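# Tertiary structure, described
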Amino acid sequence: RKSKHGKAAPPSYYSSLLYTITTTLVTCFHPKDVSNSPHSIISSSAPNSSRAQEVRHSTRQQASDETNIMSDIFSDIDVSGFPDEALPDHQKYEHPLVQRYATKEMSSIFSPAMKFTTWRKLWLALATAEQELGIDISNEQLQQMKDQLYNIDFDKANEYESKFRHDVMGHVHAFGDVAPLAMPIIHLGATSCYVGDNTDIIQLKEALKLVQRKLVQTLSILKTFAEKYADLPTLGFTHYQPAQLTTVGKRCTLWMQDLLLDYERVTYELENLPMRGVKGTTGTQATFLELFNGDHEKVKQLNSKVCNAMGFDKVIAVSGQTYTRKIDYHILSLLSGIAQSAYKMCGDIRLLANLKEVEEPFAKNQIGSSAMAYKRNPMRSE
């Protein structure tokens with residue numbers, strides 16, 4: 001601080017100011033201990049401030065005592081974990097993409113129940129086809145397998161897996177426990193990827209069928225919306241700048257067109273999705289050729305019978321141990337396309353919501369950020 005003549009204020013000024021601030025704060029927190037008169041505080045001299053110093057010391061001591069109390073209370077808290085008995089139903093990590101966003105139907109398709117019952121269906125399809133082509137397998141064995149398709153003891157399968165260090169063999173033996181007659185012919189001639197990779201493709205197929213149905217439902221809803229507002233004029237935008245007039249319904253058809261293209265892609269993939277089939281350990285079908293004494297025709301029939309039984313018209317021509325991962329790429333690509341269509345539509349809605357041209361439904365008890373009454377966040381689109 002400088003005086004009007006540009007000179008620094010004398011030290012006594014700072015001392016007086018500091019004392020005034022300090023005693024004023026003490027008055028705020030301990031009004032009974034210090035005079036309520038502002039004049040008495042300001043006019044008091046520093047040497048006579050012993051009472052104020054006592055109050056400040058008392059305040060510091062009280063804060064220290066409160067800190068010690070907190071330390072005593074918190075000292076036995078385990079900040080790095082929780083007791084084993086606490087919240088027993090919530091101690092397993094659940095992926096938020098599944099827990100919060102996946103539908104019940106999609107979660108079911110990729111569930112352990114779907115995966116491992118499909119393994120058993122593949123074993124039954126293989127054994128049935130092998131019997132039809134002359135392998136010594138009885139109807140009783142097949143019937144026992146069929147009767148136990150959905151009787152899976154997952155704990156027992158885990159025990160066998162720990163014993164054999166092999167997940168597929170764990171489930172082979174768990175299946176054999178409940179279908180003992182069939183134990184000698186379960187997985188006959190097959191390799192692990194017979195159940196693993198074929199099940200992956202079957203799950204992908206079922207998931208694509210679900211996505212296809214959801215696209216149809218979405219297009220149907222958008223069609224109703226587009227027809228309802230076909231004649232409602234609105235301002236069109238280019239570069240997000242005001243342009244020529246359009247209609248709300250016409251704008252909606254842009255979103256529909258993208259989703260229709262996605263639907264066509266999904267339909268194409270479903271119609272052309274091949275099964276891995278019965279290929280053997282490295283794709284040579286050597287074990288099956290040995291099983292059928294070198295009869296190539298029977299091995300080809302075995303492959304066709306199993307794939308047809310599992311609902312596939314097409315089979316990949318050649319494979320190694322696994323099916324070609326280009327199949328995975330094609331499916332990921334079309335899923336990306338659907339996501340892009342949704343992003344475009346929802347991005348438009350979000351921008352229009354800012355202009356108050358379009359708004360999402362708003363629930364009775366829903367609130368916006370910081371509970372602002374006027375705020376209606378487009379949370380569905382986001």
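Before reading on, note that the structure itself is shown above.
Overview of the structure. Everything numeric here is computed off the predicted structure, so don't read it as measured data.

### As for the overall build of the protein chain
- In terms of regular secondary structure, the protein chain is built from 14 helices and two strands.
- With 382 residues in all, the protein chain has 34% of them scored as buried.
- A fraction of 66% describes how many contacts in the protein chain between residues 6 or more apart in sequence connect residues 24 or more apart.
- For the protein chain, the exposed area adds up to about 24900 Å²; of that, 56% sits on carbon and sulfur atoms.

### Comments concerning a nonpolar patch on the surface
- There is a patch of nonpolar side chains on the surface, built from Phe 74, Ile 77 and Val 79 and spanning about 310 Å² of accessible area.
- Among the secondary structure elements, Val 79 is positioned in the loop between α3 (50–74) and α4 (96–101).
- Overall, Val 79 belongs to the exposed group, its relative accessible area being 68%.

### Quick notes on the pattern of salt bridges
- With the rule as written, the count across this model stands at eleven salt bridges.
- Note that Glu 105 is salt-bridged to Lys 214, the shortest N-O span being 3.8 Å. You can see Glu 105 sitting in helix α5 (residues 104–109) and its partner Lys 214 sitting in helix α10 (residues 192–228), a full 109 residues away along the chain.
- Its relative accessible area of 40% is what places Glu 105 among the partly exposed residues.

### Focus: the layout of surface pockets
- When its volume is computed, the largest pocket comes out at roughly 1700 Å³.
- As for the largest pocket, its lining consists of 42 residues, of which Thr 218, Ala 342, Met 345, Cys 346 and Arg 380 are closest to the centre.
- Of all the secondary-structure elements, those providing two or more residues to the lining of the largest pocket are α4, α10, β1 (233–238), α11 (248–272) and α14 (326–354).
- Element by element, the count of residues in the lining of the largest pocket is highest for α10, at eleven residues.
- Classifying every residue of the lining of the largest pocket by side-chain character gives 31 nonpolar, four polar and seven charged.

### Brief notes about α14
- If you check α14, its first and last C-alpha atoms are 42 Å apart, about what 29 residues at 1.5 Å a residue would give, namely 42 Å.
- Taken together, the buried positions of α14 are occupied by Ile 327, Ile 331, Leu 334, Gly 337, Ile 338, Ser 341, Met 345, Cys 346, Asp 348, Ile 349, Leu 352 and Ala 353.
- Among the structural elements, α10, β1 and α11 are those in contact with the buried residues of α14.
- At the exit of α14 stands Lys 356, carrying a positive phi of roughly 65°.

### Digging into the pairing of strand β2 (residues 241–247)
- Alignment of β1 against β2, held across five bridges, turns out to be antiparallel. Across the sheet, the residue bridging to Thr 238 is Gln 241, located in β2.
- Two successive antiparallel strands, β1 and β2, enclose a turn made up of two residues, where His 239 displays a positive phi of approximately 60°.

### Digging into the packing of α10 against α14
- Their axes nearest at 12 Å, the elements α10 and α14 cross at an angle of 20°. Judged by the angle between their axes, α10 and α14 are roughly parallel. You can see that α10 and α14 cross each other, and the crossing is left-handed. Contact residues: α10 offers Leu 204, Leu 208, Val 211, Leu 215 and Leu 222, while α14 offers Asp 328, Ile 331, Leu 334, Leu 335, Ile 338 and Met 345.
- Of the residues belonging to the contact of α10 with α14, the class tally is ten nonpolar, no polar and one charged.

### A closer look at the packing of aromatic side chains
- Taken as a whole and assessed by the stated rule, the structure comprises seven aromatic pairs.
- Relative to Phe 154, the ring of Phe 116 has its centre 5.8 Å away and its plane inclined at 70°; by these criteria the two rings are edge-to-face. Of this pair, Phe 116 sits in helix α6 (residues 112–132) while Phe 154 sits in helix α8 (residues 154–164), placing them 38 residues apart in sequence.
- When its relative accessible area of 14% is taken as the criterion, Phe 116 is described as buried.
- A relative accessible area of 33% places Phe 154 in the partly exposed class.
- Ring plane angle 55° and centroid distance 4.9 Å describe the contact between Phe 225 and Tyr 229, whose orientation is recorded as tilted.
- With relative accessibility at 31%, the residue Phe 225 sits in the partly exposed group.
- Its end group placed over the ring of Tyr 160, Lys 156 keeps NZ or CZ at 6.0 Å from the ring centre.
- Across the ring face of Phe 312, the terminal group of Lys 205 is positioned such that the distance to the ring centre comes to 4.3 Å.

### Looking at unusual backbone geometry
- Phi is positive for Tyr 240, which is not a glycine, with a value near 60°.
- With a phi angle near 60°, Gln 285 is a residue other than glycine that sits in the positive phi range.
- With respect to the helices and strands, Gln 285 occurs in the loop between α11 and α12 (286–291).

Scoring rules and cut-offs
Residues numbered from 1 in each chain as written. Predicted model: local features only at pLDDT ≥ 70, side-chain atom pairs only at ≥ 80, totals over all residues. Heavy atoms only, no water. Helix = DSSP H or I, 4+ residues; strand = E, 2+ residues; numbered from the N terminus. Buried < 20%, exposed > 50% of the residue type's maximum accessible area, 1.4 Å probe, protein only. Contact = heavy atoms within 4.5 Å. Areas by Shrake-Rupley, 256 points an atom, 1.4 Å probe, with all protein chains shown as cover. Patch = residues over 30% accessible without salt bridge, like charges linked within 9 Å, V, L, I, M, F, W, Y side chains within 5 Å. Salt bridge = Lys/Arg side-chain N within 4 Å of Asp/Glu carboxyl O. 1 Å grid on protein atoms, 1.4 Å probe; cavity = no way out; pocket = protein on both sides within 12 Å on 5 of 7 lines; lining within 4 Å. Points joined across faces, edges and corners; volume = space filled by probe spheres on them. Nonpolar A, V, L, I, M, F, W, Y, C, P; charged D, E, K, R; others polar. Expected span 1.5 Å × (residues − 1). Pairing = 2+ DSSP bridges. Axes fitted to C-alpha atoms, helices over the stretch in contact; angles between N-to-C directions. Parallel < 35°, antiparallel > 145°, perpendicular 65-115°, else oblique. Left-handed = near helix turned anticlockwise from the far one by under 90°. Phe/Tyr/Trp six-rings, centres within 6.5 Å; stacked < 30°, edge-to-face > 60°. Lys NZ or Arg CZ within 6 Å of the ring centre and 35° of its normal.

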